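What follows is the residue order along each chain.
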Amino acid sequence: MEIVVSGIRPTGNLHLGNYFGAVKSFVELQKEYNCFFFIADWHSLTTHLQPENIRRSVKTILAEYLACGIDPEKATIYIQSDVREVAELYLYLNMNAGIGELMRTTSFKEKARQQLRISNTDASIEKEIFNENNKHSVNAGLLTYPTLMCADIIIHKAVKVPVGKDQEQNMEMARRFARRFNATYHTELFPEPASFHLSNKALKVPGLDGSGKMGKSEGNAIYLIDDEKTIRKKVMKAVSDAGPTEPNSEKPEAIQNLFTLMEIVSAKDTYDFFNDKYNNCEIRYGDMKKQLAEDINLFCAPIREKINDILADEVYLDKVARLGAEKASESAAKTLKEVREIIGFRP
């Protein structure tokens, strides 16, 4: 089977957007591909997470992956830092990467502005990095994020990587670094990994703040582990308006977001009922939100219960992590042995 690799940073709980935008598709992918799903705890160090936060977040994401249906017997689920071969390949890729090309990546510029506390979008990142008067600095790991991402992918010789379109530049760099290694050492060791957009299977889940998509950092998310009271409170606070004044009016973005959420989690007749009410200028958003909150809870409840059960079973979590580390390390070790021989190091 073709090899697929995907990772997620342990920076908070999974939300509905993560589930419908990626994880639900991963559950299907594991039936068709040789999948490696990892928890990117090394990547999380670019935001200086504390050790206790990393351990807790890794455990939570692992439990949530399992609760959502990712099967450790079908897919390899592992923690990035358990596969130390990745770090060695990361070193070799850095030796062939240019500082200039890394500094030009959009994701680096955006994150660097945040770490340097630069509000002026016209300010030069390069100038501010070396500005002695700026008391803040840029994490070097942030600069080399694309090479670590490349190492994560090609260590398993993956041919497909499910990513959002915002990761396309980093994927192009991964392909570039794979090509460069092959060209430098006159080998065909690494296939060029292709972006695997899930747009035909995945859904873009809107946030509750009236615009954009649901995200961890935006404060507009419903988490899979949220309890019924929390879900209801969040949904009732979702942005709405005074209602339409003319029949069959186009829905403003905030209102369309509510209907999109309802279309995802509610029965079709429920969606149709409130859609008709809107088109007839009879919509009562309070009633709609109550129904939406109830339907979201009905969807989340069984997953939430599984998450809590798995989190309570330390032995099972450790078993899954160890199994994943063994399978991923076996794959990575084979690749790294070839890499060391090609470069000229003792395998």
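Definitions and cut-offs
Residues numbered from 1 in each chain as written. Predicted model: local features only at pLDDT ≥ 70, side-chain atom pairs only at ≥ 80, totals over all residues. Heavy atoms only, no water. Helix = DSSP H or I, 4+ residues; strand = E, 2+ residues; numbered from the N terminus. Buried < 20%, exposed > 50% of the residue type's maximum accessible area, 1.4 Å probe, protein only. Lys, Arg positive; Asp, Glu negative; His and termini not counted. Salt bridge = Lys/Arg side-chain N within 4 Å of Asp/Glu carboxyl O. Contact = heavy atoms within 4.5 Å. Core = buried A, V, L, I, M, F, W, Y, C linked by side-chain atoms within 4.5 Å. Expected span 1.5 Å × (residues − 1). Bend = angle between axes of the 7 residues up to and from the residue. Arc of directions from axis to C-beta.

Engineer: Help me out: how do you make sense of the side chain of Asp 152 in this one?
Structural biologist: Secondary-structure assignment places Asp 152 in helix 8 (residues 145–154). We note that Asp 152 is buried and unpaired, the nearest opposite charge coming from Arg 9 at a distance of 10 Å. Those residues in contact with Asp 152 that lie beyond four places of it in its chain are Val 5, Phe 38, His 43, Gln 80 and Val 86.

Engineer: What am I meant to see in the nonpolar core here?
Structural biologist: Generally speaking, a soluble globular protein has its nonpolar side chains buried in company with each other. In this structure, Leu 16, Tyr 65, Ile 70, Leu 224 and Ile 296 are the most contacted members of the largest nonpolar core, which totals 62 residues. With 10 residues, the top contributor of residues to this core is helix 13 (residues 285–311). Among all residues touching Tyr 65, those that are not within four sequence positions of it are Ile 8, Leu 14, Val 23, Phe 26, Phe 37, Ile 70 and Ile 77. In this structure, Ala 112, Ile 153, Phe 181 and Leu 189 belong to the second largest nonpolar core, which totals 45 residues.

Engineer: Can you walk me through helix 13 in this structure?
Structural biologist: Because each turn of an α-helix spans 3.6 residues, side chains separated by three or four positions in sequence point in the same direction. With 27 residues, helix 13 should reach 39 Å at 1.5 Å per residue; the first-to-last C-alpha distance of 36 Å fits that figure. Largest kink in helix 13: about 40°, centred on Cys 300, with the proline Pro 302 one to four residues after it.

Engineer: Just checking my understanding: could you explain helix 5 (residues 106–116) for this structure?
Structural biologist: Where helix 5 is concerned, the buried positions are Phe 108, Ala 112, Arg 113, Gln 115 and Leu 116. Along helix 5, the residues classed as buried sweep out an arc of 165° about the axis, all on the same side. Residues of helix 5 that are buried make contact with helix 4 (99–103), helix 6 (125–129) and helix 7 (140–143). Phi turns positive one or two residues past the end of helix 5, at Arg 117, with a value near 60°.

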